[in-house]
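Survey of secondary and tertiary structure
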Amino acid sequence: MKSNLNLQLNSGAPDTLIPSVSVSHFLAHIEMFEFSTARETNLSFSVREPSYLMLGTLYNNTCQLIYLPTGNHPRRIPRGDHHLVLITYRPEWFIHKSGAMTELKDFIDLIREKPGKVHRLPGCRIAQHILRSLERLHTDTAQITFIDHSINRYQKHLKTKKDTYIYYQRKTKDLALFISENYASEMVENIPKLAERFMISERQLSRLAKMAFGVPLHTQVIKIRMNFGLNQLFTTDKPVGEIAGQVGYREPYYFNKAFKKYFGVSPRFLAKT
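The structure reproduced in this document is the subject of the present report. (Residues numbered from 1 in each chain as written. Predicted model: local features only at pLDDT ≥ 70, side-chain atom pairs only at ≥ 80, totals over all residues. Heavy atoms only, no water.)

Section: the nonpolar core
Ranked by internal contacts, the top residues of the largest apolar core, which has 33 residues, are Leu 65, Ile 87, Tyr 89, Phe 94 and Tyr 154. Looking at this core, the elements with two or more residues in it are β4 (28-37), β6 (51-57), β7 (62-68), β9 (80-89), α1 (91-98), α2 (102-113), α3 (127-133) and α4 (140-182). Per-element accounting of this core gives the leading share, 5 residues, to α4. Beyond its immediate sequence surroundings of up to four residues, Tyr 89 is in contact with Met 1, Leu 27, Ala 28, Tyr 52, Leu 53, Met 54, Leu 65, Phe 94, Ile 147, Ser 150 and Ile 151. If you look at the next biggest cluster of nonpolar residues, it comprises 29 residues, including Ala 195, Leu 208, Val 240 and Phe 259. (Core = buried A, V, L, I, M, F, W, Y, C linked by side-chain atoms within 4.5 Å. Buried < 20%, exposed > 50% of the residue type's maximum accessible area, 1.4 Å probe, protein only. Helix = DSSP H or I, 4+ residues; strand = E, 2+ residues; numbered from the N terminus. Contact = heavy atoms within 4.5 Å.)

A short note on the packing of α1 against α2
The interhelical angle for the contact between α1 and α2, taken along N-to-C directions, is 130 degrees, at an axis separation of 8 Å. Judged by the angle between their axes, α1 and α2 are oblique. Taking contact as the criterion, the partners of Phe 94, Ile 95 and Ser 98 in α1 are, on α2, Leu 104, Lys 105, Phe 107, Ile 108 and Arg 112. By residue class, the composition of the contact of α1 with α2 is 5 nonpolar, 1 polar and 2 charged. (Axes fitted to C-alpha atoms, helices over the stretch in contact; angles between N-to-C directions. Parallel < 35°, antiparallel > 145°, perpendicular 65-115°, else oblique. Nonpolar A, V, L, I, M, F, W, Y, C, P; charged D, E, K, R; others polar.)

Some thoughts on the sheet that holds strand β5 (residues 41-47)
Taken together, the 4 strands give an open sheet; going across it, the order is β2-β1-β5-β8, and neighbouring strands pair in antiparallel fashion. A single partner strand is all that each edge strand has here, and the edge strands are β2 (15-16) and β8 (71-77). Where β5 meets β8, 7 bridges bridge the pair, whose relative direction is antiparallel. When the sheet's bridge partners are listed, Asn 42 is paired in β8 with Arg 76. (Pairing = 2+ DSSP bridges.)

Re a positive patch on the surface
A surface patch of like charges, here positive, comprises Arg 132, Arg 136, Arg 153 and Lys 156. Tracing the backbone shows Arg 153 in helix α4. A relative accessible area of 33% means that Arg 153 is categorised as partly exposed. (Patch = residues over 30% accessible without salt bridge, like charges linked within 9 Å, V, L, I, M, F, W, Y side chains within 5 Å. Areas by Shrake-Rupley, 256 points an atom, 1.4 Å probe, with all protein chains shown as cover. Salt bridge = Lys/Arg side-chain N within 4 Å of Asp/Glu carboxyl O. Lys, Arg positive; Asp, Glu negative; His and termini not counted. Charge placed at Lys NZ, Arg CZ, Asp CG, Glu CD.)

Considerations on the environment of Lys 171
When you line up the elements, Lys 171 lands in helix α4. Sequence separation of Lys 171 and His 218 is 47 residues, and the distance between their C-alpha atoms is 18 Å. Within the structure, Lys 171 has its side chain in polar contact with the backbone oxygen of Phe 198 (distance 2.6 Å). (Polar contact = N/O pair within 3.5 Å; in protein donor to acceptor, adjacent residues only side chain to side chain.)

This is how it looks when you write it as structure tokens:
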């Protein structure tokens, strides 16, 4: 098949890019572009027919599946040396192949609903592998294998990203629930044990806390403790020492200090007794 688009650099006068590699096959058109830019600029995709394509950018090792309707579509690129791989798939083959892949089937369904819009899937870090594979396109069999594997490899990485996202979403919910139920326990202050409890590293625990609460874990624990303590001061006749113990402080002194730092007033000032 022939390419359905041209690439232009819009740095001053538009400059149509000529591919350094160009391979036409019945299933796809494969191109590689090599160029340099002195500053951040627009790279325009001039599309003659709606196109399903994979764009690989070596500078960030990322490949992305994109659907482009007819028209001009600019993309901002940084300054520097660039190696771009562009695979434009035959639409009927791409749609047929994607129909058996859950991660890509939804992509196709969305395009069918809104064919006049640009649609993109997340980037996957496989551009270097794709670029290396370009060196072996000397036979028809090699070209078919390359085209087929480009989709398979992308889908595999996309599924891994999706599975990882779901995994961390579940871990995030579990952590949020655990902290809300155990904020007064010593374990929430013991990062190594807490990480072991969730079978993750301390670094991953820190990331999970940011995902769950938007703030570091210690900050969230203090927030829950202080707000629970404040509620107890307003709604019960419990002494400050008892409330301190309820929210995880063995010594009332440390609760008083944390409370005053958080609210700007001593808990004894608010206590009913």
